[in-house]
Amino acid sequence: MAETIIAGVSPGGLKETYEVKILICYLLHSLEAPLTLENITEVCTDGGITDYFTLSTAMSELRTGGQLTEEDGCYVLTALGRETAENLKQALPSSLRDNIIRQGIALLARLRRQNEVSAKILPDGKGFRVACSVHEGDLDFFTMTFFAPDREQAEIIARNFSRRSTEIYRSLIHTLTE
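Explain the overall build of the protein chain to me, and be specific about the residues and the numbers.
A count of helical and extended segments in the protein chain gives 6 helices and 5 strands. For the protein chain, the α and β elements follow one another from N to C terminus as α-α-α-β-β-α-α-β-β-β-α. Whereas a compact globule of 178 residues would reach a radius of gyration of roughly 16 Å, the protein chain reaches 21 Å, over 25% beyond that. Its C-alpha atoms give the protein chain principal-axis dimensions of about 65 × 35 × 35 Å. The buried share of the protein chain, reckoned over its 178 residues, is 36%. A separation threshold of at least 6 residues defines the contact pool for the protein chain, and within that pool the share at least 24 residues apart is 53%. Just so you have it, the protein chain exposes about 10900 Å², and 52% of that area is on carbon and sulfur atoms.

Pasting the structure below:
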């Protein structure tokens, strides 16, 4: 029997709502972190694990069924959702479970990095200042301010700092301590 093809779903991906419901519960249970709908959608649809419409239906059914609740714009599992993840995870292929956890961990790492790096563009009478910093919670590792004569250059500085902050920090520490 030929496998049904659904746009956006890779071969071996999930096409049934019940499977996607288990997947979402497994993802949230394994990561032990609340995720926004956008985060869940990114992890589950990137790479063709499932399609957006099946995911949306599954999310709706999980909320209605009491496995998920929304708190401050993020979804968390209820006791019933945790039980679903623990009891039904074997219904998902192990390769799919591994893949979804890898993608979830990568998402959390990216979100953490975004929260630890900031580059703010501030108007200055003669141009713009770009305040760049790397921090963790209340601890600032370093803060630097750059001058840019126009907004376009300020945005380039902010974008490049955000993308390459780890490399910049390492280079700066190396230069200052050699």
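Resuming the write-up.
Account for the pairing of strand β1 (residues 68-71), with residues named and values stated.
Pairing analysis gives 4 bridges linking β1 to strand β2 (residues 74-77), with the strands arranged antiparallel. Directly across from Thr69, in β2, lies its bridge partner Val76. In this antiparallel pair of consecutive strands, β1 and β2, the connection spans 2 residues, and Asp72 shows a positive phi of 55 degrees.

Any details on the side chain of Arg97? Residues and values, ideally.
For Arg97, the position within the fold is in helix α5 (residues 94-116). Once you skip the residues sitting within four places of it in the chain, Arg97 turns out to touch Tyr26, Lys89, Gln90 and Leu92.

Before we move on, can you summarise the packing of aromatic side chains with the specific residues and values?
A complete count under the given rule lists 4 aromatic pairs for this structure. Relative to Phe53, the ring of Tyr52 lies with its centre 5.6 Å away and its plane at 80 degrees, an arrangement referred to as edge-to-face. The exposure class of Phe53 is exposed, given its relative accessible area of 64%. For the ring pair Phe142 and Phe161, a centre distance of 6.0 Å and an interplane angle of 75 degrees mean the geometry is edge-to-face. Here the residue Phe142 occupies a position in strand β5 (residues 139-148), and Phe161 occupies one in helix α6 (residues 151-177), the gap between them amounting to 19 residues. By relative accessible area, which is 3% here, Phe161 ends up buried. Taken together, the ring pairs in this structure connect Phe141, Phe142, Phe161 and Tyr169 into an aromatic cluster.

Could you give an account of the sheet that holds strand β3 (residues 117-124), naming the residues involved and the relevant values?
Overall, antiparallel pairing links the 3 strands, which are arranged β3-β4-β5 in an open sheet. Of all the strands in the sheet, just β3 and β5 have a single pairing partner and so form its edges. With strand direction ignored, the average angle separating the axes of adjacent strands in the sheet is 20 degrees. Both β3 and strand β4 (residues 127-136) contribute to a ladder of 8 bridges, which runs antiparallel. Counterpart to Val117 in the pairing with β4 is Val134.

Can you lay out the environment of Ile100 for me, pointing to particular residues and giving the numbers?
Here Ile100 shows up in helix α5. Given a relative accessible area of 0%, Ile100 falls into the buried group. In this structure, the C-alpha to C-alpha distance between Ile100 and Thr54, residues 46 residues apart in sequence, is 16 Å. If we skip the residues at most four places from it in the chain, Ile100 touches Leu23, Tyr26, Leu27, Val43, Cys44 and Ile49.

Conventions used here
- Residues numbered from 1 in each chain as written.
- Predicted model: local features only at pLDDT ≥ 70, side-chain atom pairs only at ≥ 80, totals over all residues.
- Heavy atoms only, no water.
- Helix = DSSP H or I, 4+ residues; strand = E, 2+ residues; numbered from the N terminus.
- Rg over C-alpha atoms; globule rule 2.2 N^0.38 Å.
- Buried < 20%, exposed > 50% of the residue type's maximum accessible area, 1.4 Å probe, protein only.
- Contact = heavy atoms within 4.5 Å.
- Areas by Shrake-Rupley, 256 points an atom, 1.4 Å probe, with all protein chains shown as cover.
- Pairing = 2+ DSSP bridges.
- Phe/Tyr/Trp six-rings, centres within 6.5 Å; stacked < 30°, edge-to-face > 60°.
- Axes fitted to C-alpha atoms, helices over the stretch in contact; angles between N-to-C directions.

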